[in-house]
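Observations on the model geometry
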Amino acid sequence: QVQLVESGGGLVQAGGSLRLSCAASGSIFGFNVFGWYRQAPEKQRELVASITSGGGTNYADSVKGRFTISRDNQKNTVYLQMNSLKPEDTAVYYCHRRDFVTGAHYDYWGKGTQVTVSS
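The text that follows walks through the structure, step by step, so that each part is easy to find. The residue count restarts for each chain, going from 1 along the sequence in the order it is written. In keeping with the model being predicted, local features are shown solely for residues with a pLDDT of at least 70 and side-chain atom pairs are shown and tallied solely at 80 or more, while totals for entire chains, interfaces and linings include all residues. Based on all heavy atoms of the structure, the side-chain values leave hydrogens and waters out of the count.

**Brief notes about the overall build of the protein**
- Assigned secondary structure in the protein consists of zero helices and 11 strands.
- Here a helix means four or more residues in a row that DSSP labels H or I, a strand means two or more in a row labelled E, and each is numbered from the N terminus. From first element to last, N terminus to C terminus, the protein shows the α and β order β-β-β-β-β-β-β-β-β-β-β.
- Since a compact globule built from 119 residues should have a radius of gyration of about 14 Å, the 14 Å found for the protein is in line with a globular shape.
- Principal axes of the C-alpha set define a box for the protein whose edges measure 45 × 25 × 25 Å.
- Residue exposure (1.4 Å probe, protein chains only): buried if accessible area is under 20% of the type maximum, exposed if over 50%, otherwise partly exposed. Residues classed as buried in the protein amount to 40% of the 119 residues present.
- Calculation of accessible area relied on Shrake-Rupley with a 1.4 Å probe; when residues are assessed, cover is drawn exclusively from the protein chains displayed. Summing over all exposed atoms, the protein offers an accessible surface of approximately 6600 Å²; the carbon and sulfur share of this is 47%. With C-alpha atoms as the basis for the radius of gyration, the globule rule is written as 2.2 Å multiplied by the number of residues raised to the power 0.38.

This is the structure:
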């Protein structure tokens with residue numbers, strides 16, 4: 001049973017920083033991709049950043065240069081360092097992992113952590 005638990009959200013002023021963590025329990029087999037998604041009120045969930053088991057990263061244009069995703073494979077933990085936060089970054093942030101096994105993939109989601117950026 002895989003569980004993803006996010007932490008590190010909170011209230012911060014514009015221009016400030018937060019670091020989100022996502023701790024994954026359970027076994028990991030094969031290739032996987034961790035991602036951070038966010039969902040603001042009345043908006044669709046969107047991908048913020050992702051990182052593969054090989055360390056390849058991808059970012060939404062809106063966060064490039066401000067956010068950094070990283071992972072510690074020994075700790076089964078993924079981080080999202082968020083700098084120069086803006087009010088439009090306010091959302092619930094969700095951790096996601098997709099495991100690729102021959103012929104199939106499996107998706108896991110955390111419950112989310114609230115990030116609020118005040119102007």
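**Some thoughts on the nonpolar core**
- Among the nonpolar cores identified, the biggest contains 27 residues, and Trp 36, Leu 80, Met 82 and Tyr 93 are the most heavily contacted of them.
- Of all the secondary-structure elements, those providing two or more residues to this core are β3 (18–25), β4 (31–39), β5 (46–52), β7 (67–72), β8 (77–82), β9 (91–101) and β11 (113–118).
- It is β3 that provides the largest number of residues to this core, a total of four residues.
- Apart from residues no more than four positions distant in its own chain, Leu 80 is found in contact with Leu 18, Arg 19, Leu 20, Trp 36, Val 48, Ala 49, Phe 67, Thr 68, Ile 69 and Tyr 93. Throughout, nonpolar core names a set of buried Ala, Val, Leu, Ile, Met, Phe, Trp, Tyr and Cys residues whose side chains join them through atoms within 4.5 Å. Contacts are assigned to residue pairs with any non-hydrogen atoms lying within 4.5 Å of each other.

**Structural notes on unusual backbone geometry**
- Unlike most non-glycine residues, Asn 76 shows phi in positive territory, near 55°.
- Position of Asn 76 relative to the elements: it lies in the loop between β7 and β8.
- With phi around 50°, Ser 84 is a residue other than glycine that occupies positive phi space.
- On the basis of relative accessible area, Ser 84 is assigned to the partly exposed category, the value being 40%.

**Some remarks on the pattern of salt bridges**
- By salt bridge we mean one thing: a side-chain nitrogen of Lys or Arg within 4 Å of a carboxyl oxygen of Asp or Glu. One pass over the full model with this rule turns up six salt bridges.
- Asp 61 is the salt-bridge partner of Lys 64, the closest N and O atoms lying 3.1 Å from each other.
- For Asp 61, a relative accessible area of 65% gives the class exposed.
- Salt bridges linked by common partners bring Arg 38, Glu 46, Arg 66 and Asp 89 together as one network.

**Observations regarding the sheet that holds β7**
- Strand pairing requires that DSSP identify at least two bridges connecting the strands. Ordered by their spatial adjacency, four strands build an open sheet running β1-β3-β8-β7, and the pairing between neighbours is antiparallel. Of all the strands in the sheet, the pair left with one neighbour each is β1 (3–7) and β7. Across this sheet, the average inter-strand angle for adjacent strands is 15°, counted without regard to direction.
- As paired elements, β3 and β8 share six bridges and run antiparallel to each other. Its bridge partner lying in β8, Leu 20 is registered against Leu 80. Angular values range over 0 to 180 degrees, each being the angle between N-to-C directions of two axes fitted as lines to C-alpha atoms, with helices fitted over their stretch in contact.

**Thoughts on the environment of Phe 31**
- Mapped onto the secondary structure, Phe 31 falls in strand β4.
- Those residues in contact with Phe 31 that sit more than four places away from it in its chain are Thr 52, Ser 53, Arg 98, Asp 99 and Phe 100.

**Focus: the environment of Val 33**
- Looking at where Val 33 falls in the secondary structure, it is placed in strand β4.
- Through-space distance from the C-alpha of Val 33 to that of Ala 49 is 10 Å; in sequence the pair is 16 residues apart.
- In this structure, Val 33 is in contact with Ser 50, Ile 51, Thr 52, His 96, Arg 97, Arg 98 and Phe 100, ignoring residues within four places of it in sequence.

Structural measurements only, silent on function.
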